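Residue-level listing of the chains:
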Amino acid sequence: MSGTETGALTLAVMLALIFLRVPIALAMILAAGGGILVLSGPTVLLAQSKTLAWDIFASYDLSVVPLFLLMGHLATRAQLSRDLFRGVHALVGNLRGGVAIAAIGACAGFGAVCGSSLATASTMGKVALPELRRLKYDTGLATGALAAGGTLGILIPPSVVLILYSVIVDANIVTMFMAAMLPGALAVIGFALVVAIEVRRRPEAGPPGGQLTGAERRRHVAGLIPVTLIFGAVIGGLYGGWFTPTPAAAMGVLLTGLYGLIGRKLSAERVKSAFLETAASSAMIYLILFGAELVKILMARSGLPLAFAEALGRIGAEPMLILVLILAVLIVLGAVMESLSLILLAVPFFWPVVSGLDFGLGPEEMKIWFGILALVVVELGLITPPVGLNVFVIHAVAPDVPLGRIFRGVLPFTLAEMIRVAALLAFPPLVLWLPRWLGAL
């Protein structure tokens, strides 16, 4: 059996194990380790694995991951999501459809602190859905807006998935954060426009919220200040060159913890549970990273990505067509897999193929552009029928709303996402403009 055949068989076994509900880290380690064993023998496998775990687990660059995870867990327990929703609600809630737009804006803000799409959807669903129900919003529009808004957690910096993509392809984390800002803003604008169009078409679907007194509005808007300060300190510090990613994450943890303690929203028990959940999440991520590194080694030794790229070249496929096909595969897989696991599984295979395509961009620009495109289509997969994970998260929050109704409600947001993907594909400067303007590229 040739190297490429071994690589392809190993990849098929890995996917079969994942779909059989074997934990993804274990599936990657078993399949990739077995593939390397067949291709190169036990000596090479042991030599490659000897220091691999230490290099990953003791990496200073990767210490940013548990810190940002801890920041997100502390923010959840400090009820930052509630203050965010109330603050944005005070600004736009009096408009028709304004409370749904407020929920999307709050999802963007919470996603910037949390960094997880599923956690953003779950948390904001619990915070915003009761208010949307009270105002008698159409259940499809309400749940669809929350499922779509939840996807923002994967892209808007600081995003753990974005950090891990940067580690895999050896891209600059800060530059990736810069590149994600404009596409993230476009998503928020697109989702808000969907709500505006829906309530114009069906005014009864999104009635305006109740009028607040001046004092209530000022109090709720003031609740946005801590979030703005936290986000500004972390992202502004990174862009301004005051911090590298790890100290920036530590600053985020400190400010989020102070926010919860000063507001008396973080008890000792809540802080303890945040640390324990961070430890569990970090262990899972690091083990998946170990598996992803083995997959990278397997792909390099088997030559499968190179053979795949050569086969596409022989049939005369245009670079854009190849890229579109790769993104289509990511959308399909994103509908059934968690975003972080998918990125760590798919990028070691697809990046060597994409890096050989000619789009008139430099190597670093290709890393940035493909990374943002990959995360955006994974976002799209989270709300794509029939298995969009964010839809199931919202259904768990609102079990009385039929799944079919949630999927119908999310369809206009899916269309908005597809338009955004097409725009980012057609116009790479939408991704690269900010890093170039700030001198990072």
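Refer to the structure presented above.
Overview of the structure.

Cut-offs and rules
- Residues numbered from 1 in each chain as written.
- Predicted model: local features only at pLDDT ≥ 70, side-chain atom pairs only at ≥ 80, totals over all residues.
- Heavy atoms only, no water.
- Salt bridge = Lys/Arg side-chain N within 4 Å of Asp/Glu carboxyl O.
- Helix = DSSP H or I, 4+ residues; strand = E, 2+ residues; numbered from the N terminus.
- Buried < 20%, exposed > 50% of the residue type's maximum accessible area, 1.4 Å probe, protein only.
- Phe/Tyr/Trp six-rings, centres within 6.5 Å; stacked < 30°, edge-to-face > 60°.
- Core = buried A, V, L, I, M, F, W, Y, C linked by side-chain atoms within 4.5 Å.
- Contact = heavy atoms within 4.5 Å.
- 1 Å grid on protein atoms, 1.4 Å probe; cavity = no way out; pocket = protein on both sides within 12 Å on 5 of 7 lines; lining within 4 Å.
- Points joined across faces, edges and corners; volume = space filled by probe spheres on them.
- Nonpolar A, V, L, I, M, F, W, Y, C, P; charged D, E, K, R; others polar.
- Patch = residues over 30% accessible without salt bridge, like charges linked within 9 Å, V, L, I, M, F, W, Y side chains within 5 Å.
- Areas by Shrake-Rupley, 256 points an atom, 1.4 Å probe, with all protein chains shown as cover.

Notes on the pattern of salt bridges
Next up, step 1: Within this structure, the stated rule accounts for 14 salt bridges.
Next up, step 2: The residue Arg-133 makes a salt bridge to Asp-400 at a minimum N-O spacing of 2.7 Å. Of this pair, Arg-133 sits in helix α8 (residues 117–134) while Asp-400 sits in the loop between α20 (389–397) and α21 (403–426), and the two are 267 residues apart along the sequence.
Next up, step 3: Residue class for Arg-133 comes out partly exposed when judged on its relative accessible area of 35%.
Next up, step 4: The shortest N-O distance in the salt bridge between Glu-293 and Lys-296 comes to 3.7 Å. With Glu-293 and Lys-296 both in helix α15 (residues 268–302) and 3 residues apart, the pair spans about one turn of that helix.
Next up, step 5: Given the relative accessible area of 17%, Glu-293 is considered buried.
Next up, step 6: One network of salt bridges, with partners in common, ties together Asp-138, Glu-198, Arg-201, Arg-202 and Arg-405.

Side note on the packing of aromatic side chains
Two aromatic rings, taken as a pair, are described by how far apart their centres are and by the angle between their planes.
Next up, step 1: Under the criterion given, the structure shown has 7 aromatic pairs.
Next up, step 2: On the numbers, 5.7 Å between centres and 75 degrees between planes, the contact of Phe-191 with Phe-413 is edge-to-face. In this pair, Phe-191 is assigned in helix α11 (residues 173–201) and Phe-413 in helix α21, connecting sequence segments 222 residues apart.
Next up, step 3: Taking relative accessible area as the criterion, Phe-413 reaches 0% and is therefore assigned buried.
Next up, step 4: Among the aromatic residues, those joined into a ring-pair cluster are Tyr-165, Trp-351 and Phe-370.

Some remarks on the nonpolar core
Note that soluble globular proteins tend to have their nonpolar side chains buried in a common cluster.
Next up, step 1: Core analysis: the biggest nonpolar cluster contains 150 residues, and Val-65, Leu-132, Leu-164, Leu-330, Phe-370, Ile-372 and Phe-413 have the highest contact counts within it.
Next up, step 2: Those residues in contact with Phe-413 that sit more than four places away from it in its chain are Ile-104, Leu-141, Gly-144, Ala-145, Ala-148, Phe-191, Val-194, Val-195 and Ile-383.

Things to note about empty space enclosed by the protein
Next up, step 1: Summed over all chains, the structure comprises 2 cavities of 30 Å³ or more.
Next up, step 2: Here the lining of the largest cavity takes 5 residues from helix α18 (residues 339–355), the largest share from any one element.
Next up, step 3: Tallied by class, residues from the lining of the largest cavity come to 8 nonpolar, no polar and no charged.

Overview of a nonpolar patch on the surface
Next up, step 1: Residues Leu-182, Leu-186, Ile-189, Leu-193, Ile-197, Trp-433, Trp-437 and Leu-438 make up a contiguous nonpolar surface patch of about 800 Å² in total accessible area.
Next up, step 2: Counting only elements with at least two residues in the nonpolar patch, the list comes to α11 and α22 (429–437).
Next up, step 3: Sorting elements by how many residues they give to the nonpolar patch places α11 first, with 5 residues.
Next up, step 4: The topology assignment puts Leu-438 in the segment after α22.

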